Amino acid sequence: MCPKSINNQRLILEAAEAEFLEKGYEKARTTEIAKRAGVNHAMLHYYFQSKEKLFHRVFEDKVKMMHQLLLFNLQEDLPFLEKIKLHIEQHFDFIAANDKIPGFIILETLRNSSLRDIVAQSIHDKVKDVFVKLKREIDNEVKKGTIRAVDPHDLIFSIVSLNSFYFLNHQVLSGIADAESDRNSMLEKRKKMNVEIILNWLRI
């Protein structure tokens, strides 16, 4: 594929991402996506055939981005609670930089139940191994007396829930802070609180 074609596809995907995240599938328009990308409407359909196929490409990319952050890196040479702290912070920071993605994924899967299969398949091959390793580390820490016994599924679900909920209410909360510095301060405060909630739950 020539560089010009690759660039055109990249521009279309970037424009489609902005359009779908902003308006959702139903209200998004391929004419507006083409306009945002600076290409004609025929070119958009040449590369992606339909609005649905273009949406699926964007949706799959966003789901993979989210799930990659959920996969614990258990190879880091850190104490267990430090690993958990780091993971919570990285997950929070990722959502802060991509705060429309959680709501986008939830609303679109509620709109179209078939999208849940995409969500499940994106982590199916990796998640089992991750949970096995995470459970092994949890069991080792329990034996050492450093943490209480918890289910790894509950741990990950709690982290995701705490971090995501703040941004799912972004429009309401954003009205509280007028300045960007206020928002940054609020984000740092919330991130610190989420870390403490999870770590205090794990500690004996």
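Residues numbered from 1 in each chain as written. Predicted model: local features only at pLDDT ≥ 70, side-chain atom pairs only at ≥ 80, totals over all residues. Heavy atoms only, no water.

**What about the packing of aromatic side chains?**
Note on aromatic pairs: each is described by the distance of the centres and the angle between the planes.
Right, on to step 1. Here the structure, examined in full by the defined rule, presents ten aromatic pairs.
Right, on to step 2. Measuring from centroid to centroid gives 5.2 Å for Tyr-166 and Phe-167, while their planes differ by 75°, and the two rings are edge-to-face. The residues Tyr-166 and Phe-167 share a single accessibility class, namely buried.
Right, on to step 3. Among the aromatic residues, those joined into a ring-pair cluster are Phe-20, Tyr-25, Phe-55, Phe-59 and Phe-104. (Phe/Tyr/Trp six-rings, centres within 6.5 Å; stacked < 30°, edge-to-face > 60°. Buried < 20%, exposed > 50% of the residue type's maximum accessible area, 1.4 Å probe, protein only.)

**Section: the environment of Phe-167**
Right, on to step 1. Examined against the element boundaries, Phe-167 turns out to sit in helix α8 (residues 152-168).
Right, on to step 2. Taking the C-alpha atoms as reference points, Phe-167 and Ile-101, separated by 66 residues in sequence, lie 9.3 Å from one another.
Right, on to step 3. Aside from chain neighbours lying at most four places away, what touches Phe-167 is Phe-92, Ile-95, Ala-96, Asp-99, Arg-183 and Leu-187. (Helix = DSSP H or I, 4+ residues; strand = E, 2+ residues; numbered from the N terminus. Contact = heavy atoms within 4.5 Å.)

**A closer look at the packing of helix α5 (residues 80-97) against α8**
Right, on to step 1. Closest axis-to-axis distance for the α5/α8 pair is 10 Å, and the angle between their directions is 35°. As for the relative orientation of α5 and α8, their crossing is right-handed in sense. In this structure, α5 uses Ile-84, His-87, Ile-88, His-91, Phe-92, Ile-95 and Ala-96 to contact α8, whose residues at the interface are Leu-155, Ile-159, Val-160, Asn-163, Ser-164 and Phe-167.
Right, on to step 2. Counted by class, the contact of α5 with α8 contains nine nonpolar, four polar and no charged residues. (Axes fitted to C-alpha atoms, helices over the stretch in contact; angles between N-to-C directions. Left-handed = near helix turned anticlockwise from the far one by under 90°. Nonpolar A, V, L, I, M, F, W, Y, C, P; charged D, E, K, R; others polar.)

**Observations concerning the nonpolar core**
Right, on to step 1. Judged by nonpolar contacts, the single largest core of 33 residues is most densely connected at Ile-12, Phe-20, Ile-33, Leu-54 and Phe-59.
Right, on to step 2. Elements with a minimum of two residues in this core: α1 (3-27), α2 (30-37), α3 (41-48), α4 (51-70), α5, α6 (101-111), α7 (115-144) and α8.
Right, on to step 3. The element best represented in this core is α1, accounting for seven residues.
Right, on to step 4. When residues no more than four places from it in sequence are discounted, the contact partners of Leu-54 are Ile-12, Leu-13, Ala-16, Phe-20, Ile-33, Leu-44 and Phe-48.
Right, on to step 5. Counting residues in each nonpolar core, the second largest holds 15 residues, with Ile-88, Leu-134, Val-195 and Leu-199 among its members. (Core = buried A, V, L, I, M, F, W, Y, C linked by side-chain atoms within 4.5 Å.)

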